[in-house]
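# Structural overview for review
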Amino acid sequence: MTQRSFPLLTATAKMWTLVFTVCWFSIPAFAAIRYVKPAPAGTGDGSSWANASAGLQAMINASASGDQVWVAAGTYKTTTGTDRTISFSMKNGVAILGGFSDTGDPDLDDRDWVANVTTLSGEIGAAGNSDNAYHVIRNISNGLDNSAVLDGFTVTGGSANGSSALEQDRGGGIYNFNTLAPAVTNCTFTGNSASIGAGMYNSVLSSPKLTNCTFHNNSATSNGGGIYNSTRSDPAIINCIFTNNTASGTGGGIANYFFSAPVLFNCTLSGNTAGAGGAISSNSSTPSLTNCIVWGNSSGIFSTATVAYSIVQGGYAGTGNLNADPLFADAANGNLQLQTCSPGIDAGTNTGAPATDFYGNARPFNASGKPSAVTDMGAYEHSTAYDGCTLCLTSGNIVYVKASAAGANNGKSWTDAFTDLQAALVVANTCSDVTDIWVAAGTYKPTTGADRNISFSMVNGVSILGGFPDTGNPDLDDRDWVANVTTLSGDIGAAGNSDNAYHVIQNYSNGVTNSAVLDGFTITGGNSNHFGGG
């Protein structure tokens, strides 16, 4: 197929700019850098790489606002002894940066936290987790705001299996308590355990900003395998990945309690398990998810959430949401990037979206050749252009729609049909060779959300045909709109008509001619308070 002719936005060049480049230029001339290596060098006073200290917490404590602590690749334990209560602690105005090479004289431009793994570990005492530090990082009532920065570390080996009264049973990776908002960027939380909040615990108005972080293989015996948010804690969680976290109770990926409202943008949650809410669970809390992917967990979102422009397995009410296989590159081996033709590519919203993805690639990138660039769903932006009409639609001139389709949901066949008519109309508007949209029996609404202004719109040169059976592989000869009732419904929102869509179908100044055909449908539930409800 060939694409309909639309002007394309020029794709922004791939951007690997480090988060702290801007901060670096804003630091006063007198700000100090302190250097840390796994083993001390020279004088060990931390004044240079040649004189690097081995005492990470000592260098943090010695730093003033505006200072940075540069940490070379290696493993840093909370203590060289066996006191499980000792943890690292962050400090306002101090940026703690990992990912430097442990050889030579590296500068900020040389920082690479993937190649130069810098680990903060609770693995003290004997081998195994039973006597590990309760918390690898512990921030308690120390007034942290976003000027307290942790960037480029792997946090592992926290084992919060201690006293509940002393809260030594929560926050194995990082424990944040009492009005805290540190910035945590480019960090991986893995192999931590706790009763509550194995990877991270946020409580009492603690709302860190988490960007480009991974929570992987953390385990809670109660709730919150990846993160537990409690008591009006509202972290911002951006471009983050939650995978293979477990909770025996609720919230394998994230658990929210007591009026907490985390805000997730462009996050991917897959492979997480829990008794309830394998991905996310909430109790008296309302998280929000935008441009996210929730797929392949033991279960999805438990209780209330506000979800928009996201793929949620099993479906979830909200504007722009899809129930379609996101086509991960290799989920079994942890690669949650999107394959070409994923329904999540160019399918999110640009409003409020981060400017870059998990890898620093610019957002939005117009990969599939839509009329304008739109941010992808999930933590990764697909940054290679392709002809979506030619590559992704192999069904000739026909796009298929079936509400119960359980395949790839890309419109190529009845098995892989779109479950949403709007998705097929987007393709028809983009790809000039589409002549037909075949729609199986069922009910199709203009939105899964509550926006009454959203309607279906017809497309010139495209016949939208209802009346196909919703089983088998029907052809035109099998079409029967009496037996196979195909309904376009404006019944969105709550039960009843008061909040229904104003118009089920709206063709307004879109230039449709009699080449735009609608055939074989029941149209119902439009509720316009002026005219033209259908």
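Notes on the structure in this doc start here. Just so it is clear, the structure is predicted and the values come from calculations on it, not from any experiment. (Residues numbered from 1 in each chain as written. Predicted model: local features only at pLDDT ≥ 70, side-chain atom pairs only at ≥ 80, totals over all residues. Heavy atoms only, no water.)

Within this structure, the stated rule accounts for 2 cavities of 30 Å³ or more. Volume-wise, the largest cavity comes out at about 50 Å³. Forming the boundary of the largest cavity are Leu56, Ile60, Phe88, Ser89, Met90, Ile96, Leu120, Ile137, Leu150 and Phe153. Each pocket or cavity is described by its volume, and for the second largest cavity that value is around 40 Å³. (1 Å grid on protein atoms, 1.4 Å probe; cavity = no way out; pocket = protein on both sides within 12 Å on 5 of 7 lines; lining within 4 Å. Points joined across faces, edges and corners; volume = space filled by probe spheres on them.)

On inspection of all chains with the given rule, the structure shows 1 disulfide. In this model, Cys389 is linked to Cys431 through a disulfide, with the two sulfur atoms separated by 1.9 Å. A torsion of -85° about the S-S bond marks the disulfide between Cys389 and Cys431 as left-handed. Placement of the pair is Cys389 in helix 3 (residues 388-392) and Cys431 in the loop between helix 4 (421-430) and strand 35 (436-440), with a sequence separation of 42 residues. (Disulfide = S-S within 2.5 Å. Helix = DSSP H or I, 4+ residues; strand = E, 2+ residues; numbered from the N terminus.)

Our focus in this paragraph is the sheet that holds strand 14 (residues 200-203). Spatially, the 7 strands line up as an open sheet ordered 6-10-14-18-22-26-29, and their pairing is parallel. Across the chains shown, the open sheet's two edge strands, defined by having one partner strand only, are strand 6 (137-140) and strand 29 (301-302). Sheet topology note: the strand 22 (residues 254-257)/strand 26 (residues 280-283) ladder contains 4 bridges and is parallel. From the neighbouring strand, Tyr257 faces strand 26, where its bridge partner is Asn283. (Pairing = 2+ DSSP bridges.)

Attention now moves to the pattern of salt bridges. Tallied over the entire structure, the rule returns 6 salt bridges. Note that Arg34 is salt-bridged to Asp67, the shortest N-O span being 2.8 Å. Of this pair, Arg34 sits in strand 1 (residues 33-36) while Asp67 sits in the loop between helix 2 (56-62) and strand 2 (68-72); the two residues are 33 residues apart in sequence, bridging distant segments of the chain. Of the two residues examined, Arg34 and Asp67, each falls in the buried class. Put simply, Asp519 and Arg479 hold a salt bridge, and the shortest N to O gap is 3.3 Å. Here Asp519 is found in strand 39 (residues 517-519), whereas its partner Arg479 is found in the loop between strand 37 (463-468) and strand 38 (486-489), with 40 residues between them in sequence. In this structure Asp519 comes out as partly exposed when scored by relative accessible area, which is 28%. Overlapping salt bridges, with partners in common, bring together Glu167, Asp169 and Arg170 in one network. (Salt bridge = Lys/Arg side-chain N within 4 Å of Asp/Glu carboxyl O. Buried < 20%, exposed > 50% of the residue type's maximum accessible area, 1.4 Å probe, protein only.)

A few words now on the pairing of strand 6. Because side chains alternate across strand 6, one face comprises the buried residues Ile137 and Asn139, and the other comprises Arg138 and Ile140, none of which is buried. As defined by bridge partners, strand 6 adjoins strand 10 (residues 174-177) across 4 bridges and the pair is classed as parallel. Bridge pairing links Asn139 to Asn176 in strand 10.

This part takes up the packing of aromatic side chains. Within the structure shown, the criterion is met by 18 aromatic pairs. Aromatic pair Trp49 and Phe100: ring centres 5.6 Å apart, planes at 55°, arrangement tilted. Highlighted residues: Trp49 in the loop between strand 1 and helix 2 and Phe100 in strand 4 (residues 95-100), separated in sequence by 51 residues. Exposure remark for Phe100: the relative accessible area of 0% places this residue in the buried category. (Phe/Tyr/Trp six-rings, centres within 6.5 Å; stacked < 30°, edge-to-face > 60°.)

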